[in-house]
Amino acid sequence: MTTTITGALGIDNIKAATGATLQVVSATDGNTSGSLVATTSTSYIATGLTKTITPSSTSSKIKIDASFLTDVDTTGANIYFTVKRGSTSLGGAANDANTGMALVNNTRFLSGLSFSYLDSPSTTSATTYELYIKSSSGGTVRYRPDESMSSLILTEIQG
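All of these numbers come straight from a predicted model, not from anything done at the bench.

**Quick look at the nonpolar core**
Counting residues in each nonpolar core, the largest one holds 25 residues, and the members touching the most others are Ile-64, Phe-68, Tyr-129, Leu-131 and Leu-154. Elements with a contribution of two residues or more to this core: β1 (21-29), β3 (45-53), β4 (61-73), β5 (79-85), β8 (108-119), β9 (127-135), β10 (141-143) and β11 (150-157). Residue contributions to this core peak at 5 residues, all from β4. Excluding its chain neighbours within four sequence positions, the residues that come into contact with Phe-68 are Phe-81, Ser-111, Gly-112, Leu-113, Phe-115, Leu-131, Tyr-143 and Ser-150.

**Comments concerning the environment of Thr-21**
Here Thr-21 lies in strand β1. Looking at Thr-21, the relative accessible area reads 53%, which means it is exposed. When the C-alpha atoms of Thr-21 and Glu-156 are compared, they prove to be 6.0 Å apart, with 135 residues separating the residues in sequence. For Thr-21, the residues in contact, after removing those within four places along its chain, are Thr-155 and Glu-156.

**Concerning the side chain of Ser-150**
Position of Ser-150 relative to the elements: it lies in strand β11. Judged by its relative accessible area of 0%, Ser-150 falls in the buried class. Among the polar contacts listed, one links the side chain of Ser-150 to the side chain of Tyr-143, at a separation of 3.4 Å. Ignoring any residue separated from it by four or fewer positions in sequence, one finds Ser-150 in contact with Ala-27, Thr-28, Asp-29, Leu-49, Ser-67, Phe-68, Leu-69, Tyr-143 and Pro-145.

**Looking at the pattern of salt bridges**
Throughout the structure, instances matching the rule amount to 7 salt bridges. Of the charged contacts in the structure, one is a salt bridge between Asp-71 and Arg-142, with a shortest N-O distance of 2.5 Å. Linking Asp-71 in strand β4 with Arg-142 in strand β10, this pair joins segments that are 71 residues apart in sequence. Accessibility classification places Asp-71 together with Arg-142 in one group, the buried group.

Definitions and cut-offs
- Residues numbered from 1 in each chain as written.
- Predicted model: local features only at pLDDT ≥ 70, side-chain atom pairs only at ≥ 80, totals over all residues.
- Heavy atoms only, no water.
- Core = buried A, V, L, I, M, F, W, Y, C linked by side-chain atoms within 4.5 Å.
- Buried < 20%, exposed > 50% of the residue type's maximum accessible area, 1.4 Å probe, protein only.
- Helix = DSSP H or I, 4+ residues; strand = E, 2+ residues; numbered from the N terminus.
- Contact = heavy atoms within 4.5 Å.
- Polar contact = N/O pair within 3.5 Å; in protein donor to acceptor, adjacent residues only side chain to side chain.
- Salt bridge = Lys/Arg side-chain N within 4 Å of Asp/Glu carboxyl O.

Here you go:
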């Protein structure tokens, strides 16, 4: 930790070291409160898994950790997901329906997904992050907080 001491009491200005965790906020969605989101859209739609954080400095980084359950029909569609900061997509990924997913009742592939992303919002205003999904080909894809707990964790890191 880096400490700068000034003032009569000697504690007017204490600064955390670069990389230090400044705050953590989280949102969960699941089982009793979670609502299934199913779509055939090839454009991103909101899942409702969202959380707001207010960075303490414009140099702060926000580490985004998300975990959630998805499924896709056996039509060969892939589920694409991203996290958006406001209307800005921060990048995302696809999950191939035929790779790493469990076949359930011969009708859909089920998979737990998780990812991390480090964002630089350059603001001290309240900043909202939300998970979005879409279908690769118009087949049905689902975000499943009704069957498993989903989480979105935002960690402010000193820049």
